[in-house]
Amino acid sequence: MKRSKLRIKTAVGNVETVINDPGNNRRGLAFIAHPHPLHGGTLNNKVVQTLAQTCHDEGYVAVRPNFRGVGGSDGVYDGGIGETEDMLAVIEFVRGHYDNALPVLLAGFSFGAYVQHRVAQRIAAHKLILIGPAVNLYEFDCVPPSTTIIHGESDELVPLAAAQAWAQTCGTPIEIIRGTGHFFHGKLAELKSAALTACHS
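Residues numbered from 1 in each chain as written. Predicted model: local features only at pLDDT ≥ 70, side-chain atom pairs only at ≥ 80, totals over all residues. Heavy atoms only, no water.

Soluble, globular proteins show a tendency: their nonpolar side chains are buried together. Judged by nonpolar contacts, the single largest core of 37 residues is most densely connected at Phe 31, Val 94, Leu 106, Val 119 and Trp 166. Secondary-structure elements contributing two or more residues to this core are strand E2 (13-21), strand E3 (28-33), strand E4 (60-65), helix H2 (81-95), strand E5 (104-109), helix H3 (111-119), strand E6 (127-131) and helix H4 (160-170). Core analysis: the second largest hydrophobic core is formed by 22 residues, Ala 30, Ile 32, Leu 105 and Phe 184 among them. (Core = buried A, V, L, I, M, F, W, Y, C linked by side-chain atoms within 4.5 Å. Buried < 20%, exposed > 50% of the residue type's maximum accessible area, 1.4 Å probe, protein only. Helix = DSSP H or I, 4+ residues; strand = E, 2+ residues; numbered from the N terminus.)

Below is the structure:
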């Protein structure tokens, strides 16, 4: 697996980004957003890494930026607004270095799901995968039909009922991982399986 670490220029400076490229026969570009920057969220989060590995295994170039103020990224936390702009800048940069016809997959975990649902309002994404979307903490709009929600049955931070109510309002399918909370402890294999299904749906 080819792995590159870049610092991509954005409006507030540079965003540290890790790219895992499968090489030949690329299927698409997958951009993965990590959880809340002020609560330990980074591109090395295990859920984010699981998503990146899953996408890479399916032939996607897996792209994981650190949001502003995290790791080697410049700037400070901006409540999802600036983070959306940073993700869009990363997408524009990466697309400029690959075949522009490659479809874009957006995935995000928790706060990252909020950011990616905003990004999906600005660009045409082939697929949107939202893991444990923090619908009780941020104002989520409805999402495109090509969206899959994956949520822990016993999520202690974002109650399953809240996620189900939002999903029902949007008419979006929700995949429930039984016996796990927000961080999918001990259930990463099940999470990977659900993400694989979402990639192929």
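What follows deals with the sheet that holds E6. Read across the open sheet, the eight strands follow the order E1-E2-E4-E3-E5-E6-E7-E8; overall the sheet is mixed. Sheet topology places strand E1 (2-10) and strand E8 (174-177) at the edges, where each strand pairs with a single neighbour. Each strand of the sheet is rotated relative to its neighbour by a mean of 20 degrees, with strand direction disregarded. Across five bridges, the pairing between E5 and E6 is parallel. Residue pairing for E6: Gly 108 is matched across the bridge by Leu 130. The strands that helix H1 (residues 46-57) touches are E2, E3, E4, E5 and E6; relative to E4, the one it contacts most, it runs at about 160 degrees. Across the sheet, H3 touches E3, E5 and E6, and the angle it forms with E5 is around 150 degrees. (Pairing = 2+ DSSP bridges. Axes fitted to C-alpha atoms, helices over the stretch in contact; angles between N-to-C directions. Contact = heavy atoms within 4.5 Å.)

With that out of the way, let us pick up the state of the cysteines. A complete count under the given rule lists one disulfide for this structure. The disulfide that involves Cys 142 links it to Cys 170, with 2.4 Å between the sulfurs. Disulfide Cys 142-Cys 170: the torsion about the S-S bond is -95 degrees, which places it as left-handed. Placement of the pair is Cys 142 in the loop between E6 and strand E7 (147-152) and Cys 170 in helix H4, with a sequence separation of 28 residues. Cys 142 sits in the partly exposed class, given a relative accessible area of 45%. Of the cysteine sulfurs around Cys 55, a residue in no disulfide, the closest is that of Cys 199, at 4.6 Å. Given the relative accessible area of 2%, Cys 55 is considered buried. (Disulfide = S-S within 2.5 Å.)

As for its position among the elements, Phe 184 is in the loop between E8 and helix H5 (188-200). Taking relative accessible area as the criterion, Phe 184 reaches 1% and is therefore assigned buried. Sequence-wise, Phe 184 and Ser 154 are 30 residues apart; in three dimensions their C-alpha atoms are separated by 9.5 Å. Residue contacts for Phe 184: discarding those within four places in its chain leaves Val 47, Phe 109, Ile 131, Ile 150, His 151, Gly 152, Ile 177 and Leu 191.

Below, the discussion takes up the packing of H2 against H3. At a closest axis distance of 9 Å, the pairing of H2 and H3 adopts a crossing angle of 65 degrees. By crossing handedness, the relation of H2 to H3 is classed as right-handed. Residues Ile 81, Glu 83, Thr 84, Met 87, Leu 88 and Ile 91 of H2 touch H3, and the partners they reach there are Phe 111, Val 115, Gln 116, Arg 118 and Val 119. Across the contact of H2 with H3, the residue classes tally to seven nonpolar, two polar and two charged. (Left-handed = near helix turned anticlockwise from the far one by under 90°. Nonpolar A, V, L, I, M, F, W, Y, C, P; charged D, E, K, R; others polar.)

Turning next to the environment of Ala 113. Here Ala 113 lies in helix H3. Ala 113 sits in the buried class, given a relative accessible area of 0%. Spatially, the C-alpha atoms of Ala 113 and Ile 149 are 9.4 Å apart, while their sequence positions differ by 36 residues. Excluding residues that lie within four positions of it along the chain, Ala 113 makes contacts with Gly 108, Leu 130, Ile 131, Pro 133 and Phe 140.

Summed over all chains, the structure comprises nine salt bridges. Close ionic contact of Glu 85 with Arg 122 constitutes a salt bridge, the shortest N to O distance being 2.9 Å. Separated by 37 residues along the polypeptide, Glu 85 in helix H2 and Arg 122 in the loop between H3 and E6 bring together distant segments of the chain. Of the residues examined, Glu 85 reaches a relative accessible area of 37% and is grouped as partly exposed. Note that Lys 187 is salt-bridged to Glu 190, the shortest N-O span being 3.8 Å. Given a relative accessible area of 22%, Lys 187 falls into the partly exposed group. On the basis of relative accessible area, Glu 190 is assigned to the partly exposed category, the value being 36%. (Salt bridge = Lys/Arg side-chain N within 4 Å of Asp/Glu carboxyl O.)

Shape descriptors only; they carry no functional weight alone.
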